[in-house]
Amino acid sequence: MTVHFIGAGPGAPDLITVRGLRLIEACPVCLYAGSLVPKEVVEAAPAGARVLDTAPMTLDEIIAEIVSAHDEGLDVARVHSGDPSLYGATAEQMRRLEALDIPFDVTPGVPAFAAAAAALRTELTVPEVCQTVILTRTAMKSSSMPEGEELSTLAKSGATLAIHLSVRNIPHIQRELLPVAAYGEDCPAIIAYRVGWPDQAFIHGTLGDIHRKAREAKLTRTALIFVGRGLGARDFIDSKLYDGNHVHVLRPKRKTAG
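Per an unreviewed UniProt entry, the recorded name for the protein is Precorrin-4 C(11)-methyltransferase, and the organism is Fulvimarina endophytica. As stated in UniProt under Sequence similarities (unreviewed entry), the record for the protein gives "Belongs to the precorrin methyltransferase family." Quoted straight from UniProt, the Pathway (unreviewed entry) entry for the protein says "Cofactor biosynthesis; adenosylcobalamin biosynthesis."

If you want it as structure tokens, here you go:
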């Protein structure tokens, strides 16, 4: 018996990995985060499977379901949105399973920031503009941010910031980032709302006006905020990867005709 933590991707049912889908199809027990995982994904569970939405459940209740499945020798598909390694509350479940000596593995999924970049048709790492992407969040009702991970500290890098779980905290984001030279009022900002879902939407603005635009759109949840100079950059050099003068092991220097 194994508990399979599976990343379902950001919303579109066809963005789940082949491995993840095949595991769901094979597991007689499926526990899924119903607030963010589309029902079409868990409909792939086998006929007669026990399928439960864990959104209204506590951690103790979820673990009790897994223990019950373990006692019966039934594999469990534990389906989370996006990728299980990011803001999925999977670590606390894995800690419980380790203590109970219940086997588990993890199947990655497409994270929201990657799906958003794809929908925006943009590369987040632009040569000589931005080569770093920081995935972070802000503290509201959830756990506090560790010391040294404040936005004002992270912003010293000038990186593209992908800020999760914070669409209701934009004034705080502005207070932290506007004084930082790398950002400022005119720095590009994009809100990616419900990426991969039928009502997916993107709000383009600047760090200075993105709060107003979010209020006008009445966004209160399920959104990711990008901030950074690399967003939509056009005036940048070509990378060295395909430069004809750049020699590497797979493209050695060509001999000149003698």
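(A) Layout of the sheet that holds strand β2 (residues 29-32). If you walk across this open sheet you meet the 5 strands as β3-β2-β4-β1-β5, and the pairing is parallel. Of all the strands in the sheet, just β3 (50-53) and β5 (104-107) have a single pairing partner and so form its edges. The average angle at which neighbouring strand axes cross in this sheet is 15°, direction not considered. Looking at chain direction, strand β1 (residues 3-7) and β5 are connected through 4 bridges and run parallel. The residue bridging phenylalanine 5 from the neighbouring strand is valine 106, located in β5. Taken strand by strand, helix α4 (residues 90-99) contacts β1, β4 (76-80) and β5, and its axis lies near 170° from that of β1.

(B) View of the pattern of salt bridges. For the structure shown, the criterion picks out 6 salt bridges. For arginine 96, the salt bridge goes to aspartate 60, with nearest N and O atoms at 3.0 Å. Remark: aspartate 60 occurs in helix α3 (residues 59-72) and arginine 96 occurs in helix α4; sequence separation between them is 36 residues. For arginine 212, the salt bridge identified is with glutamate 216, shortest N-O distance 3.0 Å. Residue arginine 212 and its partner glutamate 216 are located together in helix α8 (residues 210-217), separated by 4 residues, close to a single helical turn. Using a relative accessible area of 55% as the deciding quantity, one classes glutamate 216 as exposed.

(C) Focus on the pairing of β1. The buried fraction of β1 amounts to 5 of the 5 residues, a majority that puts the element mostly inside the structure. Of the two faces of β1, the one holding Val3, Phe5 and Gly7 and the one holding His4 and Ile6 are both buried throughout. Judged from the 5 bridges that link them, β1 and β4 form a sheet pairing that is parallel. Across the sheet, phenylalanine 5 pairs through a bridge with arginine 78, a residue of β4.

(D) Highlighting α4. Considered for burial, the residues of α4 that qualify are Thr90, Gln93, Met94 and Leu97. Seen from one end, α4 has its buried residues packed into an arc of 100°, which puts them on one side. The outward face of α4, more than 90 degrees from its buried face, is lined by the exposed residues Ala91, Arg95 and Ala99. Buried residues along α4 sit in contact with β1, α3, β4 and β5. Of the residues trailing α4, aspartate 101 is marked for its positive phi of about 60°.

(E) The nonpolar core, seen in detail. The biggest cluster of nonpolar side chains holds 24 residues, and the ones touching the most others in it are Leu177, Tyr183, Ile191 and Val227. Listing elements by their share of this core, those giving two or more residues are α6 (151-154), β7 (160-164), α7 (170-177), β8 (188-193), α8 and β10 (223-227). Residues within four places of leucine 177 in sequence aside, it is in contact with Leu151, Ala155, Leu161, Tyr183, Gly184, Leu207 and Val227. Counting residues in each nonpolar core, the second largest holds 15 residues, with Ala8, Ile16, Val42 and Ala77 among its members.

(F) Quick peek at the packing of α3 against α4. It is the contact of α3 with α4, at a shortest axis distance of 11 Å, that shows an interaxial angle of 45°. With respect to each other, α3 and α4 are oriented oblique. Helix-helix and strand crossings are classified by hand; for α3 and α4 the assignment is right-handed. Along the contact surface, α3 presents Leu59, Asp60, Ile62, Ile63 and Ile66, while α4 presents Glu92, Gln93, Arg96 and Leu97.

(G) Representation of the environment of serine 157 in the model. With respect to the helices, strands and loops of the structure, serine 157 is situated in the loop between α6 and β7. C-alpha of serine 157 to C-alpha of threonine 132: the two residues are 25 residues apart in sequence and 8.3 Å apart in space.

(H) The arrangement of the packing of α7 against α8 in detail. Look at α7 against α8: their axes get within 9 Å of each other, and the N-to-C directions meet at 170°. In this view, α7 runs roughly antiparallel relative to α8, as classed from their interaxial angle. In contact with Ile170, Pro171 and Gln174 of α7, α8 contributes Ile210, His211 and Ala214. In terms of residue class, the contact of α7 with α8 is made up of 4 nonpolar, 2 polar and no charged.

Calculation criteria
- In this numbering scheme, every chain counts its residues from 1 along its sequence in written order.
- Where local features are concerned, this predicted model is filtered to residues with pLDDT of at least 70; where side-chain atom pairs are given and counted, the filter is 80 or more; whole-chain, interface and lining totals use all residues.
- Only hydrogens and water are removed before side-chain values are computed, so all heavy atoms of the structure are retained for them.
- UniProt positions are given in the numbering used here, feature names are shortened, and annotations may be inferred rather than shown by experiment.
- Think of it this way: DSSP has to see at least two bridges between two strands before they count as a pair.
- Helix and strand definitions here come from DSSP, where helices need a minimum of 4 consecutive H or I residues and strands a minimum of 2 consecutive E residues; each element is numbered from the N-terminal end.
- For helices, the fitted line uses only the C-alpha atoms of the stretch in contact; every axis is such a line through C-alpha atoms, and the angle between N-to-C directions lies from 0 to 180 degrees.
- Note on definitions: a residue-residue contact is assigned when non-hydrogen atoms from the two residues lie within 4.5 Å.
- The salt bridge definition used is simple: a Lys or Arg side-chain nitrogen within 4 Å of an Asp or Glu carboxyl oxygen.
- Burial classification: accessible surface area is computed with a 1.4 Å probe over protein chains only, and a residue below 20% of its type maximum counts as buried, one above 50% as exposed, and the rest as partly exposed.
- Within this analysis, the arc is defined by the directions that extend from the helix axis to the C-beta atoms.
- Residues belong to one nonpolar core when they are buried, are Ala, Val, Leu, Ile, Met, Phe, Trp, Tyr or Cys, and are joined through side-chain atoms within 4.5 Å.
- Here is the rule for angles: anything less than 35 degrees is roughly parallel, anything more than 145 is roughly antiparallel, 65 through 115 is roughly perpendicular, and the remaining ranges are oblique.
- With the far helix as reference, a near helix turned anticlockwise by less than a right angle produces a left-handed crossing, and one turned clockwise produces a right-handed crossing.
- Ten residues, namely Ala, Val, Leu, Ile, Met, Phe, Trp, Tyr, Cys and Pro, are considered nonpolar, four, namely Asp, Glu, Lys and Arg, are considered charged, and the remaining ones, Gly among them, are considered polar.

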